[in-house]
Amino acid sequence: MGKQVAAAAAGAAAAAVVAVNGKRYEAAGVDPSTTLLEFLRTQTPVRGPKLGCGEGGCGACVVLISKYDPATDEVTEFSASSCLTLLHSVDRCSVITSEGIGNTKDGYHPVQQRLSGFHASQCGFCTPGMCMSIFSALVKADKDAGRPAPPAGFSKLTACEAEKAVSGNLCRCTGYRPIVDACKSFAADVDLEDLGLNCFWKKGDEPADVSKLPGYSSGAVSTFPEFLKDEIKSSVGQSNGAPVAVSEDGWYHPKSIEEFHRLLDSSWFDENTVKIVASNTGSGVYKDQDLYDKYIDIKGIPELSLVNRNSKGVELGSVLSIAKAVEVLSGGNLVFRKIAEHLSKVASPFVRNTATVGGNIMMAQRLPFASDVATVLLAAGSTVTIQVAGSKRECFTLEEFLQQPPCDSRTLLLSIFIPDWGSDGITFETFRAAPRPFGNAVSYVNSAFLARTSDDHLIEDICLAFGAYGVDHAIRARKVEDFLKGKSVSSSVILEAVRLLKEIVSPSEGTTHPEYRISLAVSFLFSFLSSLANSLNEQVKVNAPNGQHTNGVIDGSVDYSPDKHLNVDSNELPIRSRQEMVFNDEYKPVGKPIKKAGAELQASGEAVYVDDIPAPKDCLYGAFIYSTHPHAHVKGINFKSSLASEKVITVITAKDIPSGGENIGSTFPMLGDEALFADPIAEFAGQNIGVVIAETQRYAYMAAKQAVIEYSTENLQPPILTIEDAVQHNSYFPTPPSLAPKPVGDFNQGMSEADHKILSAEVKLESQYYFYMETQVALAIPDEDNCMTIYSSTQIPEVTQNVVARCLGIPFHNVRVITRRVGGGFGGKAMKAIHIACACAVAAFKLRRPVRMYLDRKTDMIMAGGRHPMKVKYSVGFKSDGKITALHLDLGISAGISPDVSPAMPAAIIGALKKYNWGNLAFDTKICKTNVSSKSAMRGPGDVQGSFIAEAIIEHVASALSADTNTIRRKNLHDFESLAVFFGESAGEASTYSLVSMFDKLASSPDYQRRAAMVEHFNSSNKWKKRGISCVPITYEVRLRPTPGKVSIMNDGSIAVEVGGVEIGQGLWTKVKQMTAFGLGQLCPDGGECLLDKVRVIQADTLSMIQGGFTGGSTTSETSCEAVRQSCAALVERLKPIKESMEVKDGKVEWGALIAQASMASVNLSAQAYWTPDPTFTGYLNYGAGISEVEIDVLTGATTILRSDLVYDCGQSLNPAVDLGQVEGAFVQGVGFFTNEEYATNSDGLVIHDGTWTYKIPTVDTIPKQFNVELINSARDQKRVLSSKASGEPPLLLASSVHCAMREAIRAARKEFSVCTGPANSALTFQMDVPATMPIVKELCGLDVVERYLESVAAGANTAKA
């Protein structure tokens, strides 16, 4: 009997048990490689956590995990990435998702309500993850007994922590500012008046008060259910006897090191199919290339979690999480605290909570992993204890361990020991240079330095560690250490040390930006040694990047800086903001800043995106196999023999397109098609060759990795990969005459009038990837009679329907495309989304089963295309006073393999460039056909580049004349006459031309003059940090397109509205709701306010609403509103007589009664309109201006945006809250394009920056520290929809102000150090391309400025001696 109980206990222990939002789930028979995210999304009703990257780099999948310790009766909670966490590793844990803290049924949580009320959700795909990051920060802060109790309604969180709470979460829509405000509203030390526009109080009119916010009290959500505590307590006694060797589901958790070794010795152990894991976060860096069928989880071995502190130092068990290590070390002396500070910049909060210190070091030992942990522990003289199975324990210094050949899986790292250095004569500093200051980005170089100095200022002992610079593992610079020992630090000693260092730090072949990395290592050593020199020896005044190394980010103020505030690290400044706007009551509820329709649903995770639709019966899943060759015959597809290959059900290729169908993946009406599959020739790296079909999405991803494609390049020309290649081979797409831009005036005449000429200069702009949070996705369900229903995340359902029908060879009415909401689009869900819909449709049509495809991030990035890269040559003539008389442009645009929207690009580029009066304008544009993925429309396509090119030319003219750039800008802005010459009818009425007054308001204001003077002062008193400030105007032409709308009133008075546009986060539904209430308002006693809650905008459906057109070009919201207004007018006409006859009888008539009466009278309660623009008014101009002020670090190339002030003309805004969100979000997306987003490809044109590891979009720590937006209501124009204007794309152009300000700062640095690199051979004139990443900024400031500075100081010292 006893044996049976033990056996049952052992059997029961096999199935993992998890509580999800308080409900018990047993994961019997679940594949051990299943992640928590996959389990939650497929085996439970939860849909809040989303798959955004699969790497722990975006935060869309964050959940709160709680563990219970029966011995202490304590629950510990931590946030984690559910995409990396394996299901079996959270056995007997409780998991809380966004639905678990609040939902429609039980009411929303204050975090969700505040995110909605602060307008902090647009497409909403990232919002549940944001929600859980904020919630877990609140739980963590409120549990801290050492903190004082907060005032009522607040938490124990501080405003500073609130900003960092979402530092690992990406959002592509909002620009983060409102998210930070929502989070800060919980902080006890916040001044509520500082928070931005919200729905809780009317800013400026009412005082901000915590009682107006949705009430928060800690502990309202139970994080660990009682039933699971009881289960855990009752199993404590039984688990000891169960032998570990039997595991029913392939998951082994040894309880001791001996048990672990027994498993390694068992007959089934095979390194290829068995994975040893502690937290599995390493799979976010080094992706699994195949499935594993067995896992050994070492987290349960008690010895590996120990923490030992004594007088000698601290010993950390290898499976301790990085977050726990930070906690342990924070309480120690200087060295320990600095290590903790550095480790808190590794990855992001939800990864640090689970990632282990030992795992990080093992990756650094086995693989070329750019570890921060290894570098700082190396400098601190750490040692490691390891045990190889079957032999005794050994202790090595970390340096020896890293130098050994890569360990195999039989080596177990037991612990890491960090010695206690005390604090006498000890200096310890750590540094890292990475694209994001708060972490969540791999360092270009990291380093850590420890020095012990004697009483007479000599260096007794020193350790210099460098890592991540393109080397297998962190190293100690032994030669430099030996040189420095016994010396006193002076400028000549530092110079010699730097020279020695440059011989040691040499990045390996193929490392990006090698010279930049060497110069970083030099900068770090210089910073450390000069601060050491200054603290030791008052006689030597090296102009150091002063001793303030807050967070390893060097601060470059002078030692004895007159302004104390300059010593604050600008990255640590809090985010502040101001919003100014005028509210208009004339058309209410239109014009009110109401919150986004469905924002709470998005925050709770209940909003349904395509991948959230429950899988239909017999659903299969697909993943693309793509070409890695730019131009080759595809001879065949084979699969490696692997566990994942066994999961392949079939492969769909061009041969499976039905007879009568076409191999077509997308089309742009009148411009051309693109193929769905490469057949028989792959024409670019990243082209779809086929689709692997499997039983689950993860099996499909894994199986696609196993594909081996056979290529042949026989009889094929070499690929054309660059604009230069295309020009050489005359490989172009034609521009249809109707789309070609028109020149202005006579260029030669203009040149002859010029006093000065720049005959040839160039500027280059790279591509930008969309990085919508939801990757491309579609679900195709075959129906009777050759029909097909497709749920697609697309901006163009109508074109998708047409292309799918052509692909399958069936009539259009057989295809129904449904799109409810899109998790971010930006143009990337237009053409490119059709390919995914077609691929699913072809597979579903052939297999007669539903097929879903949700692209993994890497495949999406490789196939998506993105913004058009271009190369521009210009010649310009101008007068001595700066008035430009003539401009000629040679434009080369890389279009990729198919025309897509490229033929429309020249008109957009020239259109935005025309914001200045060039006198006479001529151009030659070439749309280059190249063997790369087709570039497509991306937010502000062409206009962004054109607007920037104009600024580059203006700045060049200014530097040629040594004039102030703003003076040249102002001199060349249009008056209304020249505006009409350049823009024709789009110029509109003179009263609507607001650009000059906006530019003057910013650039001529006393505030701007004062700030410019302060920048000047800062630059003259700081050597290693420089600031720049710039003001940029923008003009943006938009076009109005025909759009349908339909309004239907139900018998109970509720209203359903359909429009052609798609809700992609831009607030379309919100504006349409307001317009419906306004349009029907004259039938209501209160003018329509009561109708807002009665309106539901329903999903786009191509069989219900035809001629839907496309969502893009910034005007979809206003044209959809106009179509709805016309539909409402038709309804009002029908209902008015009934209302009037009822009023005669009953006086005031309520809405419900009116509709009941109309229904009885058989009035048609549905009206549809197809709005077409007035032929005399098909477009108009949008205006804006923006000032940005930046600070660059001359030593690292890092840029901090100190402040941005944007002024944007919204006309009479339909919803100021929505428009504000568009302005901020577009601006930050633009900042990414101009500064950080590096779209890199290999020599075959295949995208290699293909994930969150290498492609860095802006995060909360890279947005402006002071972010001010003013929406101005310009003159009315009855031709526009209620005098409103577009806001989706134009503000993105304002981000070039950041690039221009960076140029000013770099100019100051070049002047300081007399750097004259570049073709112009001048400090003031230089070519600065887009994006201006850290390496480019540093290169322009001079890679050798430290050496040059030290040489000049040393030379000065020698002459002084002489």
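Structure report, in brief. (Residues numbered from 1 in each chain as written. Predicted model: local features only at pLDDT ≥ 70, side-chain atom pairs only at ≥ 80, totals over all residues. Heavy atoms only, no water.)

### Observations regarding helix 29 (residues 976-983)
- Those residues of helix 29 that sit buried are Ser978, Leu979, Phe982 and Phe983. Looking down the long axis of helix 29, one finds its buried residues gathered within 115 degrees of arc, a one-sided arrangement. For helix 29, the exposed residues lying more than 90 degrees away from the buried face are Glu977 and Val981.
- Structurally, helix 29 contributes buried residues whose contacts are with helix 26 (905-913), strand 35 (920-929), strand 36 (1025-1039) and strand 42 (1179-1193). (Buried < 20%, exposed > 50% of the residue type's maximum accessible area, 1.4 Å probe, protein only. Helix = DSSP H or I, 4+ residues; strand = E, 2+ residues; numbered from the N terminus. Arc of directions from axis to C-beta. Contact = heavy atoms within 4.5 Å.)

### Considerations on the side chain of Asp297
- Within the secondary structure layout, Asp297 lies in strand 8 (residues 294-297).
- No salt bridge is formed by the buried Asp297, whose closest oppositely charged neighbour, Lys299, lies at an N-O distance of 7.0 Å.
- Within polar-contact distance, the side chain of Asp297 engages the backbone nitrogen of Lys299 at 3.0 Å.
- Excluding its chain neighbours within four sequence positions, the residues that come into contact with Asp297 are Ser89, Trp251, Tyr252, His253, Pro254, Val277 and Ala278. (Lys, Arg positive; Asp, Glu negative; His and termini not counted. Salt bridge = Lys/Arg side-chain N within 4 Å of Asp/Glu carboxyl O. Polar contact = N/O pair within 3.5 Å; in protein donor to acceptor, adjacent residues only side chain to side chain.)

### A closer look at the sheet that holds strand 18 (residues 576-580)
- The mixed open sheet is built from five strands, whose spatial order is 18-44-43-42-36. Edge positions in the sheet fall to strand 18 and strand 36, since each of these pairs with one other strand and no more. On average, each strand axis in the sheet is inclined to that of its neighbour by 10 degrees, with strand direction left out of account.
- Alignment of strand 43 (residues 1199-1209) against strand 44 (residues 1266-1272), held across seven bridges, turns out to be parallel. Opposite Val1207, over in strand 44, you have Glu1270 as the bridge partner.
- Helix 36 (residues 1296-1312) rests against strand 36, strand 42 and strand 43 of the sheet, and its axis sits at about 150 degrees to strand 36. (Pairing = 2+ DSSP bridges. Axes fitted to C-alpha atoms, helices over the stretch in contact; angles between N-to-C directions.)

### Description of the pattern of salt bridges
- Enumeration over the complete set of coordinates arrives at 75 salt bridges.
- In this structure, the salt-bridge partner of Asp618 is Lys617, at a minimum N-O distance of 3.2 Å.
- A residue is classified by how much of its surface remains accessible, and Asp618, at 41% relative accessible area, is partly exposed.
- We note a salt bridge from Glu989 to Lys1279, for which the minimum N-O separation is 3.7 Å. Linking Glu989 in the loop between helix 29 and helix 30 (995-1003) with Lys1279 in the loop between strand 44 and helix 36, this pair joins segments that are 290 residues apart in sequence.

### Things to note about the side chain of His119
- Relative to the helices and strands, His119 resides in the loop between helix 4 (110-117) and helix 5 (127-143).
- Ignoring any residue separated from it by four or fewer positions in sequence, one finds His119 in contact with Pro178, Leu197, Asn198, Cys199, Pro593, Ile594, Lys595 and Ala1217.

### As for helix 5
- If you check helix 5, its first and last C-alpha atoms are 24 Å apart, about what 17 residues at 1.5 Å a residue would give, namely 24 Å.
- By the criterion of burial, helix 5 is predominantly enclosed, with 15 of the 17 residues buried. (Expected span 1.5 Å × (residues − 1).)

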